[in-house]
Amino acid sequence: MKKLTLLGDITPTEFLNEYWHKKPLLIRQAIPQFNAPIKAAELAKLAASEDVESRLVTHFKQQWQLKNGPFEELPDLKKKEWTLLVQGVNLHHPAADAILRQFNFLPDARLDDLMISLASDGGGVGPHFDSYDVFLLQAHGRRRWQISAQKNLDLIDGMPLKILSKFKSEQEFILEPGDMLYLPPHYAHDGVAVGECMTYSIGFRAPAFQELGEAFLQFMSDSIDLPGRYADPDLKPSKHPAELSKEMLETVAQELRKVDFTQEDITVFMGEYLSTPKHSVFFDQPKKPLTPIKFLAAAKKQGIELALKTRMLYRGSNIFVNGESFGVTGADKALLSKLADHRALAGIELGKASVDMQETLCLWYEDGWINLSKNI
Ligand code: SIN
Ligand code: CO
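Residues numbered from 1 in each chain as written. Chains lettered and ligands numbered in written order. Predicted model: local features only at pLDDT ≥ 70, side-chain atom pairs only at ≥ 80, totals over all residues. Heavy atoms only, no water.

1. A look at the side chain of glutamine 87
Piece 1. Checked against the element boundaries, glutamine 87 lands in the loop between strand 4 (82-86) and helix 3 (94-101).
Piece 2. Classification of glutamine 87 as buried rests on a relative accessible area of 17%.
Piece 3. A polar contact of 3.1 Å, which involves the side chain of glutamine 87, links it to the side chain of arginine 55.
Piece 4. Look past the residues within four positions of glutamine 87 in its chain and what remains in contact with it is Val52, Glu53, Arg55, Asp113, Leu114 and Met115. (Helix = DSSP H or I, 4+ residues; strand = E, 2+ residues; numbered from the N terminus. Buried < 20%, exposed > 50% of the residue type's maximum accessible area, 1.4 Å probe, protein only. Polar contact = N/O pair within 3.5 Å; in protein donor to acceptor, adjacent residues only side chain to side chain. Contact = heavy atoms within 4.5 Å.)

2. Focus: the coordination of the cobalt ion (ligand 2)
Piece 1. For the cobalt ion (ligand 2), every protein donor is listed as His128 (NE2), Asp130 (OD) and His189 (NE2), and the spread of their distances is 2.0 to 2.1 Å.
Piece 2. In the primary sequence, the donor residues of the cobalt ion (ligand 2) line up as H-x1-D-x58-H. Taken as a pair, histidine 128 in the loop between strand 5 (111-119) and strand 6 (134-148) and histidine 189 in strand 9 (residues 188-204) lie far apart in primary sequence, 61 residues in all. There is no split in this pair, since histidine 128 and histidine 189 are both buried. (Donors = N, O, S within 2.8 Å, 3.2 Å for Na, K, Ca; no water.)

3. Comments concerning the packing of helix 4 (residues 209-221) against helix 6 (residues 263-275)
Each packed pair of helices is defined by two parameters, the angle between the axes and the distance between the axes.
Piece 1. Contact geometry for helix 4 and helix 6: axes closest at 10 Å, N-to-C directions at 110°. Taken together, the axis directions place helix 4 and helix 6 in an arrangement best described as roughly perpendicular. Note that helix 4 runs across helix 6; the crossing there is right-handed. Contacts from Glu211, Leu212, Ala215, Phe216, Phe219 and Met220 of helix 4 reach helix 6 at Asp265, Ile266, Val268, Phe269, Met270, Glu272 and Tyr273.
Piece 2. Taken together, the residues of the contact of helix 4 with helix 6 break down into 10 nonpolar, no polar and 3 charged. (Axes fitted to C-alpha atoms, helices over the stretch in contact; angles between N-to-C directions. Parallel < 35°, antiparallel > 145°, perpendicular 65-115°, else oblique. Left-handed = near helix turned anticlockwise from the far one by under 90°. Nonpolar A, V, L, I, M, F, W, Y, C, P; charged D, E, K, R; others polar.)

4. Notes on the domain arrangement of the protein
Piece 1. The domains assigned to the protein are domain 1 (5-204) and domain 2 (208-224 + 254-376).
Piece 2. When each unit is reduced to the centre of its C-alpha atoms, the spacing between domain 1 and domain 2 is 31 Å.
Piece 3. Every contact between the two is made by 13 residues of domain 1 and, on the other side, 12 residues of domain 2.
Piece 4. At the boundary of domain 1 with domain 2, total buried surface from both sides reaches about 1000 Å², with 52% on carbon and sulfur atoms.
Piece 5. For the pair domain 1 and domain 2, the interface holds 2 salt bridges.
Piece 6. Note that aspartate 112 and arginine 311 form a salt bridge whose closest N and O atoms lie 3.8 Å from each other.
Piece 7. Elements with a minimum of two residues in the side of domain 1 that touches domain 2: helix 3 and strand 5. (Domains from an automatic or database assignment. Buried area = accessible area lost by both parts, 1.4 Å probe. Salt bridge = Lys/Arg side-chain N within 4 Å of Asp/Glu carboxyl O.)

5. Things to note about the sheet that holds strand 12 (residues 318-321)
Piece 1. Taking strand neighbours across the sheet as the criterion, the 3 strands line up as 11-12-13 in an open arrangement whose pairing is antiparallel. Looking at strand neighbours, the two that pair on one side only are strand 11 (312-315) and strand 13 (324-327), the edges of this open sheet. For this sheet, the mean angle separating the axes of adjacent strands, direction not counted, is 20°.
Piece 2. In the packing of helix 8 (residues 330-342) onto the sheet, the strands contacted are strand 11 and strand 12, and the crossing angle to strand 11 comes to about 135°. (Pairing = 2+ DSSP bridges.)

6. Looking at the pattern of salt bridges
Two side chains of opposite charge can pair, provided their charged atoms sit close to one another.
Piece 1. Overall, the coordinates contain 14 salt bridges when judged by the stated rule.
Piece 2. Residue arginine 110 pairs with aspartate 133 through a salt bridge whose shortest N-O separation is 3.8 Å. Separated by 23 residues along the polypeptide, arginine 110 in the loop between helix 3 and strand 5 and aspartate 133 in the loop between strand 5 and strand 6 bring together distant segments of the chain.
Piece 3. Residue aspartate 133 is classed as buried on the basis of its relative accessible area of 2%.

Now the structure itself:
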């Protein structure tokens, strides 16, 4: 693959200061002479699979329709105004993962996935807005993007997908392969295929605080520690036996106020939460796994890499992999942080790993979380 320039003449710092969350940016030839690595046939194959999230949006006879995959068959590309959207292609295709990783000037905790759309002439998902930032990279063919900073984001009622009721285009661009458009959250847009085309969307995750709060309470329920049991040695005879007494409520309130959490709880919660793979993800375990001794010997020669589906994050001495946390120190901490940042670790580095870490790596290998590196 060609070296990516991605942001054109702009540095990541300039991009973050001037555009990120603020205004759109069109980058012509973000990837010069881009040759889309995933072809329509491969995308159709992914869309036929149970463990890949896919949708088909059609606008036949002026009617919007949405169907969820898997799809055995797709409409003919000669038939106008349909689009297939395949989510999480990076989890299945190394070339898609490589594109997503080019965006690593943004933290892994914010990067979500690479979605690919395949559209016939006139195909699109209609004028809408997204709640997240998005980079729209034109991969094959051409697409006309109309965009608008409009504040009116009302949707048409009763539609199977979110369509803006009053979309007024303010700017229009035709994107060619390799061109890329960045849009901040809530920026109205409408992308229509000009002839058959493919667009890659690099999507971000921004969890809602409500969602985080609910998950955090669940997480804390495993660790709260409130010893003792309600007692009332000074109880007086009840005049109103059905009434909850003030004393009882006050005693319980006092005990429940002892529920507390530390910054460490937040760190472990966020690491586990953000590294948890989506429900649809199943790891591919090696069919004939090497014995731990053979795996470690090979790993020390070839190095290891994270499986495409593995999510790995870290903070201080906490390492998070696929929703699990591990406390590490010393050389292991440096090695595992490096593995998380680069998604690979050279064989020579593994010589410094503790016996504990080596054992853990063997388990990760058996679970399909890591593989031996392919490029020796
Ligand atoms: C598409 O690729 O057609 C949809 C991308 C988007 O508008 O968010
Ligand atoms: Co969109």
